[in-house]
Amino acid sequence: MRDLAILACGECKRRNYTTTRNKKTTTERLEKVKFCPSCRKRTTHKETK
Ligand SMILES: [Zn+2]
């Protein structure tokens, strides 16, 4: 069963990416450095609901 996770920019809070995660194997919050088109730079994106 897939669980959708939304990754939001830590600086502008814009939701830029979605990913799927497995709840059985991933319990911690996802945190990934990705390019934010709004900030126009790479920022830390955190999982949000
Ligand atoms: Zn941003």
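A brief report on the enclosed structure follows. Keep in mind that this is a model prediction, so the values were computed, not measured.

1. Points about the overall build of the protein
No. 1: In terms of regular secondary structure, the protein is built from zero helices and four strands.
No. 2: When its helices and strands are written in sequence order, the protein yields β-β-β-β.
No. 3: Expressed along its principal axes, the backbone C-alpha trace of the protein runs to roughly 35 × 15 × 15 Å.
No. 4: The buried share of the protein, taken over its 49 residues, is 8%.
No. 5: Nonlocal contacts in the protein, meaning residues at least 24 apart in sequence, comprise 44% of its contacts between residues at least 6 apart.

2. Looking at the environment of Cys12
No. 1: Positionally, Cys12 belongs in the loop between strand S1 (3-9) and strand S2 (15-21).
No. 2: The sequence separation of Cys12 and Cys39 amounts to 27 residues, and the corresponding C-alpha distance is 7.1 Å.
No. 3: Beyond its immediate sequence surroundings of up to four residues, Cys12 is in contact with Cys36, Ser38 and Cys39.

3. So, the sheet that holds strand S4 (residues 41-48)
No. 1: Read across the sheet, four strands follow the order S2-S1-S4-S3 without closing on themselves; strand pairing throughout is antiparallel. Here the strands that pair on one side only, and so sit at the sheet edges, are S2 and strand S3 (31-36). Across the sheet, the axes of successive neighbouring strands diverge by a mean angle of 40°, strand direction being ignored.
No. 2: For S1 and S4, the ladder comprises four bridges, and the chain directions are antiparallel. For Cys9, the partnering residue across the bridge sits in S4 and is His45.

What counts, and where the lines are drawn
Within each chain, residue numbers correspond to sequence positions counted from 1 in written order. Owing to the predicted nature of the model, reporting of local features is limited to residues with pLDDT of at least 70; listing and counting of side-chain atom pairs is limited to 80 or more, with chain, interface and lining totals taken over all residues. Secondary structure counts use DSSP, requiring at least four H or I residues in a row for a helix and at least two E residues in a row for a strand, with both numbered from the N terminus. Three exposure classes are used. Buried residues have 20 or more other C-beta atoms within 10 Å of their own C-beta, exposed residues have 12 or fewer, and partly exposed residues fall in between, all C-beta atoms being placed from the backbone. By the convention adopted here, residues make contact when the C-beta atoms placed from their backbones lie within 7 Å. Should DSSP find at least two bridges between two strands, the strands are taken to pair. Axes, fitted as lines to C-alpha atoms, cover a helix only where it is in contact. Angles between the N-to-C directions of the axes lie from 0 to 180 degrees.

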